[in-house]
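Given next are the chains, with one letter for each unit.
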Amino acid sequence: MRCKTHLIQNTFRNSIQIVNDNTTQSDKPILKVRDLRTSFKTGRGTVTAVDGVSFDLYPGETLGVVGESGCGKTVTNKSIIRLLPNRVTIYDPGSVVDYRGTNLLGLTESQMRAIRGNEIGMIFQEPMTALNPVFTIGWQIEEALQYHTDLNASQRRARAIEMLRLVEMPNPEKRIDEYPHQLSGGMRQRVVIAIALCCEPDILIADEPTTALDVTIQSQILRLMDGLKEKTGTAIILITHDLGVVAQACDRVIVMYAGQIVEMAPVRQLFHNPKHPYTKALLDSMPKPGRSGHQKRLPAIEGTVPSLFDLPDGCRFADRCQHRRDKCEASLPELVTIGEGTQESKARCFYPIGDAQAVGEAS
Amino acid sequence: MTERNAITSLRSKFHLSRRTSRTVWRLPTWSFIFCLLFCGPMQSICLAQSEVVLHLPMQTAGPNSLDPVRGSSTYDNIAASYVYETLLEYEYLTRPYKLKPCLLEEMPEVSEDGKTFTFKLRDDIFFQDDPCFEGGKGRKVVTDDVFYSLKRMADTSNQPKSWWLMADTIEGFDEYKEEQNEAEEFDYSVPVSGMVKINDREFQIVLNKPFYRFIYTLAMFQTSVLPHEAVDQYGLKLSRHPVGTGPFLLDHWETGVQMVYRRNPNYRDVRYPSDPGMLEDGTAPYLGYEEDKALGLYESAGQRLPLADKVVLTMFPIPQPMWLKFLNQELDYSRVPAENFSQAFIKRKRTLRPSFVEKGIRVVPLPLLDLIYNGFNMEDPGFGGYSDEKKWVRQAISLAIDLEEVNQAFYEGINLLYDGPIPNGLEGHPEGHSAEVNYRGPNLQKAKALLAKAGHPNGEGLPKLVFYTSRQPQSVAMAYMSARKLKKIGIKMEINSVDFSELSEKLREKGAPFFGLAWGADYPDAENFLQLFYGPFQSPMSNNFNYNRPQYNQLYDEVRVMPPSPERTAKYEKMRDMIIEDVPMIGSMARTRYYLIHSRLKNFKPEETFSNWVKYLTIE
Amino acid sequence: MSEIANEIVNAELVEEKVLVRVENAVKHFPKRGGLFNRVIAKVHALNDVSFTIKKGQTLGVVGESGCGKSTLGKVVIRLHELTSGKVTFDGVDISTMSNSQLRPIRQRMQMIFQDPNSSLNPRMTVETTIKEVIRLHNVVPESEIDAHVDQLLQKVGLRVDDKTKYPHEFSGGQKQRIGIARALAVNPEFIIADEPVSALDVSIQAQVLNLMMDLKEELGLTLLFVSHDLKVIDHFCDSMLVMYLGNIVEEMPCDDIHANAKHPYTRALLSCNPITDPDQRGELTILEGEVPSPYHPPAGCPFVTRCPLKTTKCETENPPLLDRGNGHRVACWEVE
Amino acid sequence: MWAFVIRKLVYNIPVYLAIIMLLMVLLRQRDPVAGMLGKNATEQDYINKREELGLNVPFFVQYGKLVKSIVTLDFSQKVWNEPGVTVGEKLWTAVPRSLALTVPALAITTVISIFIAMLSAFYRGRWIDRLLVFFAVLGMSVSFLVYIIFGQYFGAYKLQQWVGSPVFSIHGYESGIWNWPFYMLLPVLISVIVAMGYDTRFYRAVMVEETQADYITTARAKGAPQSKVMFVHMLRNAMIPIVTRVMITLPFLVTGSILLEEFFGIPGMGYVLLSAIRNNDFPVVEGFTAVFAGLFILSIIATDILYAIFDPRVRLQ
Amino acid sequence: MSAIGKMMATREAQKLWRNKSALLAIVVIGIYLLTALFVMAGGITRDTCDSIVGSNKLPGFFQQDSPEKRYENATTKFLSKIKRALTAEDVTAALKEVKLGPYHAADKSPAELETLVAKIDTLAAELDESPNLDIDPSILPKLAELEAAESQLKAPLSPWEQFVHNASVCLGTDSQGRSIFFRGIYSIKIAIQIGLVTALFSVALGAFLGAAAGYFGGWVDHVVVWIYTTFSSIPNLVLLVVLAYAFTNSAAKDTLLPVYIAFGATFWIGTCRVIRGETLKLKEMEYVHAAQTAGFGPIHILLRYIIPNTAHLMLINFSLLLIAAIKSEVILSYLGFGVKNQPSWGIMIRDAGNNGDVVGGFFWEIGFATALMFVLVLAFNILSDALQDAFDPKHV
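Since the model is a prediction, treat every value here as computed from it, not as a measurement.

What follows covers the overall build of chain E. Helices and strands together make up the secondary structure of chain E, namely 19 helices and two strands. Taken against the 2.2 N^0.38 rule, which gives 21 Å for 396 residues, the C-alpha radius of gyration of chain E at 28 Å runs more than 25% over that of a compact globule. Referenced to the eigenvectors of the C-alpha coordinate spread, the extents of chain E come out at roughly 95 × 50 × 40 Å. Just so you have it, chain E exposes about 15100 Å², and 67% of that area is on carbon and sulfur atoms. Between the averaged position of the 32 positive side-chain charges in chain E and that of its 35 negative side-chain charges there is a distance of 11 Å.

There is a patch of like positive charges on the surface, built from K41 and R87 of chain A together with R126 and R130 of chain D. With respect to the helices, strands and loops of the structure, R87 of chain A is situated in the loop between helix 2 (73-81) and strand 4 (89-91).

Our focus in this paragraph is the confidence of the model for chain E. For chain E, per-residue confidence averages 82 on the pLDDT scale, and residues scoring 70 or more make up 91% of the total. Of the two predicted TM-score estimates for the complex, the pTM is 0.83 and the ipTM is 0.81.

Right, let's talk about the nonpolar core for a bit. Core analysis: the biggest nonpolar cluster contains 313 residues, and I397 and L596 of chain B, F225 of chain C together with W345 of chain E have the highest contact counts within it. Counting residues in each nonpolar core, the second largest holds 130 residues, with F203, I215, Y286 and V311 of chain B among its members.

Attention now goes to the environment of L99 of chain D. All names here are of chain D. Within the secondary structure, L99 sits in helix 5 (residues 87-122). Residue class for L99 comes out partly exposed when judged on its relative accessible area of 28%. As for L99 and V291, which are separated by 192 residues in sequence, their C-alpha atoms are 14 Å apart. In this structure L99 touches P104, L253 and V254, once residues within four positions along its chain are discounted.

Turning next to the sheet that holds strand 12 (residues 336-338) of chain A. The pairing of strands in a sheet comes from backbone hydrogen bonds and takes either a parallel or an antiparallel form. Residues and elements named next belong to chain A. Pairing is mixed across the open sheet formed by eight strands, whose spatial order is 7-8-9-3-10-11-13-12. Two strands close off the open sheet at either side, each with one partner strand: strand 7 (120-123) and strand 12. Strand-to-strand twist of the sheet, defined as the mean angle between neighbouring strand axes without regard to direction, takes the value 20°. Note: strand 10 (residues 252-257) against strand 11 (residues 260-266), six bridges, orientation antiparallel. Within strand 11, the residue paired with M256 across the bridge is I261.

So, on to the packing of aromatic side chains. Here the structure, examined in full by the defined rule, presents 80 aromatic pairs over all chains. Arranged with centres 4.5 Å apart and planes meeting at 55°, the rings of Y257 of chain A and Y278 of chain A form a pair that is tilted. Pair noted here: Y257 of chain A is in strand 10 and Y278 of chain A is in helix 12 (residues 277-284), with a separation of 21 residues, a long-range link. Note on accessibility: Y257 of chain A and Y278 of chain A belong to one class, buried. Between Y92 of chain B and Y616 of chain B the ring centres are 4.2 Å apart and the planes differ by 5°, which places this aromatic pair in the stacked class. Here Y92 of chain B is found in the loop between strand 2 (88-90) and strand 3 (99-101), whereas its partner Y616 of chain B is found in the loop between strand 22 (601-602) and strand 23 (618-619), with 524 residues between them in sequence.

Okay, the pairing of strand 1 (residues 31-42) of chain A next. Regular strands place their side chains on alternate faces of the sheet. Residues and elements named next belong to chain A. Of the strand pairs in this sheet, strand 1 and strand 2 (residues 45-57) are connected by 10 bridges, and their pairing is antiparallel. Its bridge partner lying in strand 2, L31 is registered against L57. Between strand 1 and strand 2, which pair antiparallel in sequence order, lie two residues. In this structure, strand 1 lies alongside strand 5 (residues 96-99), joined through four bridges in antiparallel fashion. In the sheet register, V33 faces strand 5, and the bridge partner there is V97. Sheet analysis places strand 1 next to strand 4, joined by three bridges and oriented antiparallel. The residue of strand 4 that forms the bridge with S39 is I90.

Before going further, it helps to examine the interface of chain A and chain C. Contact residues are listed per partner, giving 55 residues for chain A and 47 residues for chain C. Taken together, both faces of the contact between chain A and chain C bury some 4600 Å²; the carbon and sulfur share is 54%. Between chain A and chain C we count one salt bridge in total. A salt bridge links D214 of chain C to R297 of chain A; the nearest nitrogen and oxygen atoms lie 2.2 Å apart. Put simply, chain A and chain C have 10 residue pairs in polar contact (both at pLDDT 80 or more) between them. Of all elements in the fold, only helix 1 (4-24), helix 8 (185-197), helix 9 (215-232), helix 10 (243-249) and helix 11 (267-272) of chain A reach the threshold of two or more residues within the side of chain A that touches chain C.

Before going further, it helps to examine the interface of chain E and chain B. With 44 residues of chain E at the interface, the matching set in chain B holds 41 residues. Roughly 3500 Å² of surface becomes buried between chain E and chain B when both sides are summed, with 45% attributable to carbon and sulfur atoms. Three residues, R84, E97 and V359 of chain E, lead the burial of chain E against chain B; their summed loss comes to 15% of the area buried on that side. Counting the contacts that link chain E with chain B gives zero salt bridges. Applying the counting criterion to the chain E and chain B interface returns zero residue pairs in polar contact (both at pLDDT 80 or more). Sort the elements by how many residues they give to the side of chain E that touches chain B and helix 18 (residues 345-354) of chain E lands first, with four residues. Per-class residue counts for the side of chain E that touches chain B are 12 nonpolar, 13 polar and 19 charged.

Definitions and cut-offs
- Residues numbered from 1 in each chain as written.
- Chains lettered and ligands numbered in written order.
- Predicted model: local features only at pLDDT ≥ 70, side-chain atom pairs only at ≥ 80, totals over all residues.
- Heavy atoms only, no water.
- Helix = DSSP H or I, 4+ residues; strand = E, 2+ residues; numbered from the N terminus.
- Rg over C-alpha atoms; globule rule 2.2 N^0.38 Å.
- Areas by Shrake-Rupley, 256 points an atom, 1.4 Å probe, with all protein chains shown as cover.
- Lys, Arg positive; Asp, Glu negative; His and termini not counted.
- Charge placed at Lys NZ, Arg CZ, Asp CG, Glu CD.
- Patch = residues over 30% accessible without salt bridge, like charges linked within 9 Å, V, L, I, M, F, W, Y side chains within 5 Å.
- Salt bridge = Lys/Arg side-chain N within 4 Å of Asp/Glu carboxyl O.
- pLDDT = per-residue confidence, 0-100.
- Core = buried A, V, L, I, M, F, W, Y, C linked by side-chain atoms within 4.5 Å.
- Buried < 20%, exposed > 50% of the residue type's maximum accessible area, 1.4 Å probe, protein only.
- Contact = heavy atoms within 4.5 Å.
- Pairing = 2+ DSSP bridges.
- Axes fitted to C-alpha atoms, helices over the stretch in contact; angles between N-to-C directions.
- Phe/Tyr/Trp six-rings, centres within 6.5 Å; stacked < 30°, edge-to-face > 60°.
- Buried area = accessible area lost by both parts, 1.4 Å probe.
- Polar contact = N/O pair within 3.5 Å; in protein donor to acceptor, adjacent residues only side chain to side chain.
- Nonpolar A, V, L, I, M, F, W, Y, C, P; charged D, E, K, R; others polar.

Shown next, in the form of structure tokens:
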């Protein structure tokens, strides 16, 4: 079994290769999100959970979305696939989610249904509850096929078995007739992935797919997703709060804070050269392996995330930022491109780390 | 481009082709399907009009037992009288009541001393066809059947409710009862000295004394004649499976809901009474003849009975459905409950409201031989007793209670108030309904004065007056009304509303100091009311008051063997006044029943002292 | 010379003083069924577990969900009764004590819980929550209670004004601080922290870890720190227990776990833990398969179903936890 | 499964015995004999009657007798107030009539309520949901008795006057399937209206809970149309509480509805039972309660079994 | 109760306060409570409810009485009392006792009264000629004259008495001539009393047993489950009626105690079940573990940690049971085992139903009782809905 390690290493390398190819060939993005602004009607008034998010997703890449709970990462992605409760959700009229030239926000519910599961698949955080407990997993996979393909019953079953095999479910012919509760968490997550992928979507949105799993299972699932991306060419949006997962699995990363993107960068750049103080602080506050920091205080970010009901006028990170200056509290910085060449990154900061001086003085 | 190839390959493998958006079943479409569920088949009832069917109500959940010996309530009486017959019956239309032979050829011959009665049965009387008989054919009624039926009243295993009718009446019967009940098996074949069989059709009954009321007893449903075959065959089930000689057969009985009777095809030739015509001296042959004639009660004269082919008797424990069914023409008549009186009547004239008249509804009033009273237990240490003081206390209570108010509040003022125990229409009823000396309230001054005289000014020193009454909301409300009056003279009254069974228990134990009850006439003779106060009839027999005054008992012993005469009436009045003076009971009220009938119902002259008149009814 | 030696011995004695000793702890959760509701199966939550915690030491317990690490903590503080075995606290056997006997001991050992949202009684203010505990154990005289509470709150970094608030008015990190304050209110010597930071966001996690670190230093606490996150254990603890399916598979000091970890499971855990460096990605040991059901653990080594080193011996015999010196114990046939 | 059933049955034996005991003790607070004999009975009659009714023996002997007759399924005791009728006959005639009333009522109520509840849950928070919930609450706020009184007056009497021919019977009962709508539909509709409020609210709460479940999101993410989400995913899961509720209601079906039966003249069990209690007819009350309690316990067990059928997660132990 | 007080400060409570219909419901319930207090303080006594204020069944404002009715009113009730008093031995004393509703005999000499009575009798006799006054408009002046004479028999009412009298007949009277309005209002007290006592008792008992069963488990749990299974396996109707019967001969029979016991014995089961389930959940909450590790005894934990946290369920159950009690009272009263000796909505509805008032087109008694009950029950229904919304996050 140890030989697998080598194989995986290769896989990762390849995927990075592809991303690089895409970006250099300036392949057209498969999904363009522009100025996405999603609000909710609540008992205490309207609250804007996602505020002006824009990004592109290219075929075959894994885009990481990272941030703390409540920062808007899940809402962003549920907005894309329009799974938020209609009654309380307001999409800003200016928002655009452009999928292959169609604005998803403008589609009717039935048109959207043809997209969901078919063009865009989704994986959820809790494999324990994401599957319907009263149907067999085979039924649940076949159901998706039934909506989006013309396969007959036996073909659907064959396809479902095939999918289970694809997600490395042992003994799929037997397992297909089992109920979710008969499977372990990791196995259930595989089933959820199989459902998401059975119609071969162009985009796979994975919302914290490994948070509820143990580390040894987490690595299995991450490896599996990467392998599948390899085979199907699906673009993945990977939502997580775990920077370790991001480092392991993503090509590009979006860091969100209080409903906004604060930094967007290729993964290496983000980890080695974070521009936004929040990103930097987040990286620093992780316990590091090795003896250097053992039993020392961690450089924690003091304070708490501002409430979405009561956002500051200026930079939303300002009151926790060690580098804040007067300007930060006065006005909200834009998400601007910082850096050079292919290592291009964007940050929402007046004084980005590294060339903070320069920007700061220029202004 | 590699990833695109991968997709194509998979797709070709599984013939994947993307569907265009599907048409969806919208939710509202389901609602139609569910709505369809409601469209069940509706049908209307069609009544076969070829036969005459009477639809009559009964204001109760229904009779318990149709066995003449076991039954006790009025409702048992009514339901049994369709099927069973007695030796004598009352003439349907004649008033005052007049007995006539029913199973008998002629009225019994009474010997000089009034103790021996000689009977002769009709020759054409057969029991109803029933499987209990050989070949299922009803056999002829013979003397032994009469004796057998009477003897059943003595058999305690039958739990007879009416032994008091026979107690100390027929020669040797009491001894017979005692002997047979102590024996291992009750032997019906053992003769009773007072029951003398002459032949199969003729027999004599010898009494201990010339009890005048005996003749009435023979018209009461408890003495109905039934065959021993039915008892042998059905045992306890006889209660639900009557086999008699009457005009109707019980077709089926849905407990608590309905009883259906059919004409007895073998019923002997009995005819509707013929018009007697005005007497030669120009007077009516009986009270109310002109009215009967005008109402067309003689239109069916001479027709063979019963006039109806089928009778549907429906039970109504609650009034609303009965009212609705009556208004809806589904019932032929209905009693008007007192509470509803003013809805149906112009009170001033006691005539129906125009809205009812328009529907062709007619009203038939029936004053009842009723005694509604509140009784004292004369053996109660608190309020019983015969000393003057105790008497004054009771008189004071009587004076405090305002019966007129009760009458107005609960009976729309239609009840008749009178003094003493003898209702209107019987000998001994006080003239103008009011005795010369009486303690009818309200007269609080006098009441207070009497209380003070008795040594209890403002009720001091008197225990709580514990009153037992029925659970019926109306009775309870009445009790509270009286309690408020009594409070004014300082007497506290505690009210216990109990079921009739509990009340019976209390009375049997002599445990109810004060209680609300009513007595309806079994036969039209004041003796039936006066016996309620006869000492030897104390609880557990009919004397609930446990009233026991030697003079009274002596008078009663005298009157019960007297035929109607002015002397007897005088004695009745004397007894009445004793009761009024001693106040073992506070009263009295008699109800008037108002029957509403639809115009289609013919020959309707209701009666509650006897109940076998359904055979005369018919509809157009 | 002798003096020095003496001093060393003394120092060692002090240092080596064992506060908590767990011997052969076994905990089974029964599963009932059948005609007469008899026990038909058992979850082997703890399977013959023995270890000691020395005074002043911080012992980490790491393992995957369901491995019995939380049960271990709860057994030590008597939230669960042991099926067999013994727990000694400061030389006293507490595993058979009655509740009232236990009360003085409970003052000396406290617990910090995982979920800040459920670890505080929603119907009690912060003040009541803390005061109640202080009163129960008569930690300070009644007159000083208020001051004591204020002091505690300040110590865990909360505003004193907030003490009349209800738990829902606080954020997750603050709630965890309240939980810590409650545990500290009775001046305990020993604290069991059951995944105290795993429910918190990354930025908050660091705050709470720092706080616990400060308090540990300041109050000289002994800690049993339970977590599924090896990084946190590595960062925070002196030594650690690695548990798998109710068994301790390895115990070692945290000095350099990367170099010293011997057991294949520990090694797998180490490599599975995503490293926050995209350059190091992919150097993972992927463990195949799933954790076996705790109802039916494998006959031999519990790890046998997933172990890359397994031999036939592993399938039949459970390897003993052998001391490899320097406080390092490993349970594996294949490790020398 | 059989082990489960047997264990449950064994477990419920003490419950069953306690039910019988409790009932007998409560009933024997009253003396039935006096009422039956009437006031003219003698002391000897009284003793005879007690003997005949089996009340003269010590309580535990009576208890043992009753338990024995229940265990041997012997319902041949005599009804006290209706000579010659056995308890068994009484129950077997009355219960089917009650069932003819209660079973359709339950079925209609359940189907309509589930439908309305789904509609309501689907439009949760919108005016249609609020309206439906409001009507449910409105319906629940009026007394059953008022419904019956007015239902009979308007539904049977007035309707008949307006239509000109009988639509519903005012009062009365006849057996036979074709007579059912005429005699029973109105009472059934009344009880549906009464029960619908409760059921709708309950089912709505169930549905709302289900709509928030994660697997609903998964299904929607699959592209499942709303109808499939509601009628396949949601309903199947909601079946568990629905089945529980319906099963719990089942034993009560045999008790019938005393008010409806009395007003509409349906000779069902409720009617029989109430008059039996009023008349101290112990054998009827005891026999019926024994049957009811048995059904109740069986329905609890059946609920568990159905639970396991509808929910694959549940294993009968 | 302090737990409830504290709960009111929570987020859930704020959610409740924001719910406008719930606020309205609370206001309505408040009004009912105040009315009940007013009645309890003696504002309306039992005697007021039982006293006969007239035979006029229709409410005063509803329509003018028909001439027949007017004739009846003028010639029966009061007149007959006066007539009887005039024939008494001590006329003046008897006259003093004459009372009908608020009316007393006028302060006139017996001779004057006798003249008046004679006048009325003549007028009445003249009117009596007519077969139906309702369809004969020519009699109206004479009728007015009759009424005028009759009113002279009565002592004039003080403004307050007049007001009370108007109030008492404003919704008409029942079949016994008692004020529907006062009876209905008085019944609020009874309903609230029955509802509160029953619900409080059932919730307290159910919560205590449920919490104990859930928390201690083991044999305690078995016993509690055994008891409630036993109680719930007896048909509710049988249990209610048999329990109510058990009081027939006791001193408590005229009080509300039998009703309380009958309801209490059957109502606690649901609460017990719910609280037991919740306790099983709460028992595994970390704060309960925290309390255990702190060394608190089981009773302390039960009282401070478990039961307060089921307060929302208790509150919801309380309001549901209150509704159930008020509604069941009607059924029990209908069966004759409910409230005795004082008015209640159940009795009013039953009387109207039994008396065939509805058939006679007389909807006032049943209508008023139903309306009062409806509003209260509706308010509680809305409130319990709102409570459920507020406290059960899943319920939304």
